[in-house]
Amino acid sequence: MNERMNIVIVGHVDHGKSTLVGRLLVDTGSLPEGKLDQVRRTCELNAKPFEFAFLLDALIDEQAQGITIDTARIFFKSARREYILIDAPGHIEFLKNMISGAARAEAAILLIDAEEGIAENSKRHAYMLSMLGIKQIAVAVNKMDLINYDEQKFKNIKTEYSSFLEEIGIVPFEFIPVSARNGINITENTAAIPWYHGRTIIEVIDGFTTEPEDEKKDFRMFVQDVYKFTANHDDRRIVAGTINSGTIHPGDEIVFHPSGKISTVKSIEIFGKDSPQVAGSDQAIGLTLTTQVYVKASELISRTGERAPHTTERLRANIFWMGKRPLVTGKSYKLKIGTQKVSVNIEKIEQVLDASALETSMERKQVNRHEVSQCIMSASSPFSFDLVSENKITSRFVLVDGYDIAGGGIITHALKGLKPEDASSKFSQFQIELNNLIQKHFPNWDVNL
């Protein structure tokens, strides 16, 4: 078994995410020996009823308040492959944690409380998954035992939520009625829901398809820094960074973006180890080059012969805003993608999506906290990136307002050049400055450019 997949579990607070994950661990025999008994004894000593969620909620604050604050990474196996389950927080105040937890996921299970129904965060989290480019989503309608496994109530939730998901471009794999607490439809069907003949949670998870491994994608590495060693006559210049995707070998010709400079890899360096003949995704490495070129930290490296990243100063992006102050047009923010940092101006807010009301506002001047928007941004200088449809890792960014990370997003389109009115304005300004310069130094010239 060498296939591994990342799956995030999301949903509104108290809809049963941690309970579902705990139950999966128990029913698939994935818990360390004695762990279940240990948690049961702890509950008895504290006079608390046992909950499967306690298997995950290790933080004292979480157990005291009954909410998941941070993301938990859980390893388990099915008969098909290995999984990393990411239990993401459901409370609105911890949406940053939810997004960071879901960023590496390839698929998602979205929980809805059968008794409470579709909550605001049920919609907001679906927007987040869509924004992160996660399309493989199954919906688990949990706590069916609280509504006596009522088929009609399940169908009502399925109809309403399917309509919502369709609006944001998501086609769910399946709706599954479950009771995580009682183990219903987690790993096997039971007589408790005789009207349901679909797949269980574990069957749906095994039905998800994995994305191509990062090593099989085009080579990408942001330059973190360039080091020069002089001790013991060591004159190497080492270009350091962490590989985002793809692989690299000595002898490969590479391009630095946005400078466009080209060189060939002479060797791959890894601290404290011999130079390998290949390096792949997530490895922190250094590159020495056959032809020395001056490059700066933050450049994005690709390999010749493969698709090059986009380099431009205008782009369209989906942004989720978490800042205390609204995101507004005409204001400058700092965009960080990989090791790149560039000032961007919000040129236009094309639309804002209200997750709670499923309404789209057009041509707004600001984006409020916890809203999702589609914006056009102009950067102070060209920078390099991929689109989310091409490479999720090098399309994701954060926006900094002052000293706070206030938003995150994905780049959906590269827009070439300045707006026509901006280009015209810049050229007119250039004409004025050039005329002034000529008049200053050559006052007798009769020139008007």
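What counts, and where the lines are drawn
- Residues numbered from 1 in each chain as written.
- Predicted model: local features only at pLDDT ≥ 70, side-chain atom pairs only at ≥ 80, totals over all residues.
- Heavy atoms only, no water.
- Helix = DSSP H or I, 4+ residues; strand = E, 2+ residues; numbered from the N terminus.
- Expected span 1.5 Å × (residues − 1).
- Buried < 20%, exposed > 50% of the residue type's maximum accessible area, 1.4 Å probe, protein only.
- Salt bridge = Lys/Arg side-chain N within 4 Å of Asp/Glu carboxyl O.
- Pairing = 2+ DSSP bridges.
- Axes fitted to C-alpha atoms, helices over the stretch in contact; angles between N-to-C directions.
- Phe/Tyr/Trp six-rings, centres within 6.5 Å; stacked < 30°, edge-to-face > 60°.

Draft legend 1. Representation of helix α5 (residues 120-131) within the structure. Given a rise of 1.5 Å per residue, 12 residues ought to cover 16 Å, and the 17 Å separating the end C-alpha atoms of α5 matches this to within 8%. α5 sits mainly inside the fold: 11 of its 12 residues count as buried. Along α5, the residues that are buried comprise N121, S122, K123, R124, H125, A126, Y127, M128, L129, S130 and M131. G133, located one to two residues past α5, shows a positive phi value of around 85°.

Draft legend 2. Representation of the pattern of salt bridges. Summed over all chains, the structure comprises 13 salt bridges. For E306, the salt bridge goes to R303, with nearest N and O atoms at 2.7 Å. For R303, a relative accessible area of 13% translates into the label buried. Among the ionic pairs, R325 bridges to D401, the shortest N-O distance being 3.2 Å. With a gap of 76 residues between them, R325 in the loop between β13 (310-321) and β14 (327-328) and D401 in strand β20 (residues 396-401) connect regions that are remote in the sequence. Judged by its relative accessible area of 47%, R325 falls in the partly exposed class. In the salt-bridge network here, residues are joined through shared partners; they are D218, R220, R307, D386 and E390.

Draft legend 3. Local environment of the sheet that holds strand β11 (residues 284-289). Sheet architecture is closed into a barrel: six strands sit in the order β7-β8-β11-β10-β9-β12, paired in antiparallel fashion. Averaged over all pairs of adjacent strands, the angle between strand axes in this sheet comes to 50°, irrespective of strand direction. Examined bridge by bridge, strand β7 (residues 220-228) and strand β8 (residues 237-245) share eight bridges and lie antiparallel to one another. Considered in β8, the bridge of K228 is made with R237.

Draft legend 4. Quick peek at the packing of aromatic side chains. Across all of its chains, the model carries six aromatic pairs by this definition. The interplanar angle of 45° and the centroid separation of 5.5 Å between the aromatic rings of F154 and W195 together place this pair among those described as tilted. With F154 in helix α6 (residues 151-167) and W195 in the loop between β6 (175-177) and α7 (201-207), this pair connects stretches of sequence that are 41 residues apart. For the pair Y161 and F164, a centre-to-centre distance of 5.6 Å together with 25° between the ring planes defines the contact as stacked. Taken together, the residues Y161 and F164, both in helix α6 and three residues apart, mark about one turn of the helix. Here a set of aromatic residues connected by ring pairs shows up, and it is made of Y161, F164 and F175.

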